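Coordinate analysis (summary)
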Amino acid sequence: AIDPNFDTNREKVGEEKLDELRSSANQTAFGDGVAVWGPVEPPEKLGIHGTHVAVDYDICLADGACLENCPVDVFTWVDTPDHPVSEVKVEPTNEDQCIDCMLCVDICPVDAIDVDAS
Ligand code: SF4
Ligand code: F3S
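Here's what I pulled together on the structure shown here. Values in this document were obtained by computation on a predicted structure and should not be read as measured data. (Residues numbered from 1 in each chain as written. Chains lettered and ligands numbered in written order. Predicted model: local features only at pLDDT ≥ 70, side-chain atom pairs only at ≥ 80, totals over all residues. Heavy atoms only, no water.)

With that settled, consider the overall build of the protein. Per the secondary structure count, the protein includes four helices and six strands. Traced from its N-terminal end to its C-terminal end, the protein shows the element sequence α-α-β-β-β-α-β-β-α-β. In terms of principal-axis extent, the alpha carbons of the protein reach across some 35 × 25 × 25 Å. When burial is assessed residue by residue, the protein has 40% of its 118 residues classed as buried. The long-range fraction of contacts in the protein, counting pairs at least 24 apart against all pairs at least 6 apart in sequence, stands at 53%. If you sum the accessible surface of the protein, you get close to 6100 Å²; carbon and sulfur atoms cover 47% of it. Treating the 6 positive side-chain charges of the protein as one cloud and the 26 negative ones as another, the clouds have centres 7 Å apart. (Helix = DSSP H or I, 4+ residues; strand = E, 2+ residues; numbered from the N terminus. Buried < 20%, exposed > 50% of the residue type's maximum accessible area, 1.4 Å probe, protein only. Contact = heavy atoms within 4.5 Å. Areas by Shrake-Rupley, 256 points an atom, 1.4 Å probe, with all protein chains shown as cover. Lys, Arg positive; Asp, Glu negative; His and termini not counted. Charge placed at Lys NZ, Arg CZ, Asp CG, Glu CD.)

Let us look at the sheet that holds strand 6 (residues 113-115). Read across the open sheet, the four strands follow the order 1-2-3-6; overall the sheet is antiparallel. Lying at the two open borders of the sheet, with one neighbouring strand each, are strand 1 (36-41) and strand 6. Looking at each pair of strands side by side, their axes are set apart by 15 degrees on average, direction ignored. Bridge count for strand 1 against strand 2 (residues 45-49) is four bridges, and the pairing is antiparallel. Paired with Glu41 across the strands is Lys45, a residue of strand 2. (Pairing = 2+ DSSP bridges. Axes fitted to C-alpha atoms, helices over the stretch in contact; angles between N-to-C directions.)

Near ligand 1 you find Val53, Cys70, Pro71, Val72, Val74, Phe75, Cys98, Ile99, Cys101, Met102, Cys104 and Val115, and these make up its full shell. Residue classes in the shell around ligand 1 are distributed as 12 nonpolar, no polar and no charged. (Near = heavy atom within 4 Å. Nonpolar A, V, L, I, M, F, W, Y, C, P; charged D, E, K, R; others polar.)

Next up on the list: the nonpolar core. Ranked by internal contacts, the top residues of the largest apolar core, which has 23 residues, are Phe30, Val55, Phe75 and Ile113. For this core, the secondary-structure elements that each account for two or more residues are helix 2 (15-22), strand 1, strand 3 (53-56) and strand 6. Contacts of Phe30, omitting those with residues within four sequence positions, involve Leu18, Leu21, Arg22, Val36, Val40, Pro42, Leu46 and His49. Ile2, Phe6, Ala35 and Trp37 belong to the second-largest nonpolar core, a separate cluster that totals six residues. (Core = buried A, V, L, I, M, F, W, Y, C linked by side-chain atoms within 4.5 Å.)

A few words now on the packing of aromatic side chains. If you walk through the whole model with that rule in mind, you get one aromatic pair. With centroids separated by 5.4 Å and ring planes inclined at 75 degrees, the aromatic side chains of Phe6 and Trp37 adopt a geometry described as edge-to-face. Taken together, the residues span a long stretch of sequence, with Phe6 in helix 1 (residues 6-9) and Trp37 in strand 1 at a distance of 31 residues. You'll find Phe6 and Trp37 in the same group, each marked buried. (Phe/Tyr/Trp six-rings, centres within 6.5 Å; stacked < 30°, edge-to-face > 60°.)

In this section: a negative patch on the surface. Side chains of Glu41, Glu44, Asp79, Asp82 and Glu87 sit close together on the surface and give a patch of like negative charge. By the secondary structure assignment, Asp82 is in the loop between strand 4 (76-79) and strand 5 (88-91). Of the residues examined, Asp82 reaches a relative accessible area of 55% and is grouped as exposed. (Patch = residues over 30% accessible without salt bridge, like charges linked within 9 Å, V, L, I, M, F, W, Y side chains within 5 Å. Salt bridge = Lys/Arg side-chain N within 4 Å of Asp/Glu carboxyl O.)

Looking now at the site of ligand 2. Surveying the vicinity of ligand 2 reveals 13 residues, the closest of which are Cys60, Leu61, Gly64, Cys66 and Cys108. For the shell around ligand 2, a count of residues per class yields 11 nonpolar, one polar and one charged.

The next subject is the pairing of strand 3. Side chains of strand 3 alternate between two faces, with Val53 and Val55 and Ala54 and Asp56 buried alike. Where strand 2 lies against strand 3, two bridges are found, and the strand directions are antiparallel. Its bridge partner lying in strand 3, His49 is registered against Val55. Between strand 2 and strand 3, which pair antiparallel one after the other, the connecting turn spans three residues, and Gly50 there sits at a positive phi close to 105 degrees.

What follows is the structure, given as structure tokens:
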């Protein structure tokens, strides 16, 4: 399961590093605006994406229930070619729209999502 204390246990990957990752082969996995918490070593390690709504990319297996059921469409698919668990993941692109319903946290079969509702 995702570490709910990722924001203290992990380091945020800086914008510079993100620019580097965006221009690499894995560019689609690193969209603009969403924070990434390392370690990041593409294509195998892609970190935790998002802060209020956080998705552990190394746990997500592309079930899709979060994206299909979020009432405010927080998530979008991104390609993660050659990741060992799945070749697409959900990015919490619109995490600022989240209404803390906790549906995605409850529905994900592998507990890849943390929502900080406090
Ligand atoms: Fe969407 Fe609810 Fe999850 Fe927020 S907690 S991302 S509103 S499903
Ligand atoms: Fe991934 Fe879980 Fe959503 S596996 S696609 S975060 S339901």
